[in-house]
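Each chain, written out:
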Amino acid sequence: MRGDKALASLSAPLSLPGLHILAIAFTLEVSVGKTNTVTALNNSNVLLPCTFTTCIGFQDLVFKWYFNTTELIYHGKIKTKATEPTLVWKNPRVEFVGSTTKKENNISIVLNGVEFSDAGKYTCHVKNPKERNAQHNATIILTVVHKMVETDNTVTLIIVGVVGGLIGLLILFMLIKRVVLFIIKKTQDGKKECLVSSSGNDNTENGLAGSKAEQKAPPKA
Ligand SMILES: *[C@@H]1O[C@H](CO)[C@@H](O)[C@H](O)[C@H]1NC(C)=O
Ligand SMILES: *[C@@H]1O[C@H](CO)[C@@H](O)[C@H](O)[C@H]1NC(C)=O
Ligand SMILES: *[C@@H]1O[C@H](CO)[C@@H](O)[C@H](O)[C@H]1NC(C)=O
Ligand SMILES: *[C@@H]1O[C@H](CO)[C@@H](O)[C@H](O)[C@H]1NC(C)=O
């Protein structure tokens, strides 16, 4: 029972109640990588990545690539882990670039001379007779563009710029605040000094005022 649960939790999407047996049966996993989108320039050659993993190995494994779920563009077979795949059929514009004798079972293809009509879904499908014909697939979405506009990078740069600018402003503001506070403190200290000294001046001013008053006094009299 414990083993069942551990296996089921390994394939989380299938670990719904009552699907435990299914989850154990389908240990075959197919992946197109972390991102399921790829952008290609008009007329370029684009890599459509795909890898698969099996728990108990494989024999006479069949893999197929489909465009927009129905149009077959590549059909290959792999006898064992010790051999590279053999071609059954392919679209002339498609090239197999993977390798299945290394650590990873790489069944990637390259689509040459990308056209705008090539935009759509590319599904990598694997069937493993050794795992009671278990099958699994993964889909990557191809977008075809005139020019590479690295929107992600631009957005990142803008965010970095804005955040950096804000942090810079904050530091500048804090520096200015410190300088201003320092100046205020200094001027207040100065004022105290001034007040002290002006109290001395006050006498002279008073004296002057007094003298002025004395000067003013004669015309009044
Ligand atoms: C795609 O590229 C080809 C060759 O560079 C060019 O002839 C064609 O006009 C391009 N298509 C568009 C819609 O820009
Ligand atoms: C991919 O797998 C899903 C179920 O996981 C299935 O419905 C779909 O038909 C498969 N697509 C292809 C092209 O085999
Ligand atoms: C699969 O092979 C291709 C061609 O050698 C390579 O560009 C790609 O990075 C490989 N993918 C993985 C996931 O190893
Ligand atoms: C393929 O599918 C995409 C949407 O997924 C659609 O825009 C495109 O027209 C389709 N291409 C063909 C040739 O059917």
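All figures in this text were calculated on a predicted structure; none of them were measured in a lab. Note that residues are indexed from 1 along each chain, following the sequence as it is written. Both sets of labels track the order of writing: A upward for chains, 1 upward for ligands. Only residues with pLDDT of at least 70 get local features here, since the model is predicted, and only at 80 or more are side-chain atom pairs given and counted; chain-wide, interface and lining totals rely on the full set of residues. Side-chain metrics rest on all non-hydrogen atoms present in the structure, leaving aside hydrogens and water.

(A) Examining the sheet that holds strand 3 (residues 46-48) more closely. Between any two strands, pairing holds if DSSP finds at least two bridges. Secondary structure elements follow DSSP: runs of H or I of four or more residues count as helices, runs of E of two or more count as strands, with numbering from the N terminus. Taken in spatial order, the 3 strands make up an open sheet running 3-10-8, and their pairing is antiparallel. Two strands in the sheet have a free side with no partner beyond their single neighbour: strand 3 and strand 8 (94-96). The average undirected angle you get between the axes of adjacent strands in this sheet is 30°. One ladder, built from 3 bridges, connects strand 8 with strand 10 (residues 109-111); its direction is antiparallel. Counterpart to Phe96 in the pairing with strand 10 is Ile109. The angle between two axes is taken between their N-to-C directions and runs from 0 to 180 degrees, where each axis is a line fitted to C-alpha atoms and a helix contributes only its stretch in contact.

(B) Molecular detail of the side chain of Glu131. Its place among the elements puts Glu131 in the loop between strand 11 (120-128) and strand 12 (134-145). Buried, partly exposed and exposed residues are distinguished by accessible area as a fraction of the type maximum, computed with a 1.4 Å probe on protein chains only: under 20%, between the cut-offs, and over 50%, respectively. Positive charges come from Lys and Arg alone, negative charges from Asp and Glu alone, with His and the N- and C-terminal ends not counted. Each reported salt bridge corresponds to a side-chain nitrogen of Lys or Arg within 4 Å of a carboxyl oxygen of Asp or Glu. For Glu131, which is buried and forms no salt bridge, the nearest opposite charge comes from Lys130, at a distance of 8.9 Å. A polar contact of 2.8 Å, which involves the side chain of Glu131, links it to the side chain of Asn128. We call two N or O atoms a polar contact when they sit within 3.5 Å, provided that within protein one can donate a hydrogen and the other can accept it, with sequence-adjacent residues counted only if both atoms are side-chain atoms.

(C) Highlighting the environment of Asn91. Residue position: Asn91 is located in the loop between strand 7 (86-90) and strand 8. Look at Asn91 and you get buried, because its relative accessible area is 18%. Separated by 20 residues in the primary sequence, Asn91 and Glu71 place their C-alpha atoms 9.9 Å from one another. Here, two residues are considered to be in contact whenever any of their heavy atoms come within 4.5 Å of each other. Aside from chain neighbours lying at most four places away, what touches Asn91 is Glu71 and Ile73.

Treat this as a map of the structure, not an account of what it does.
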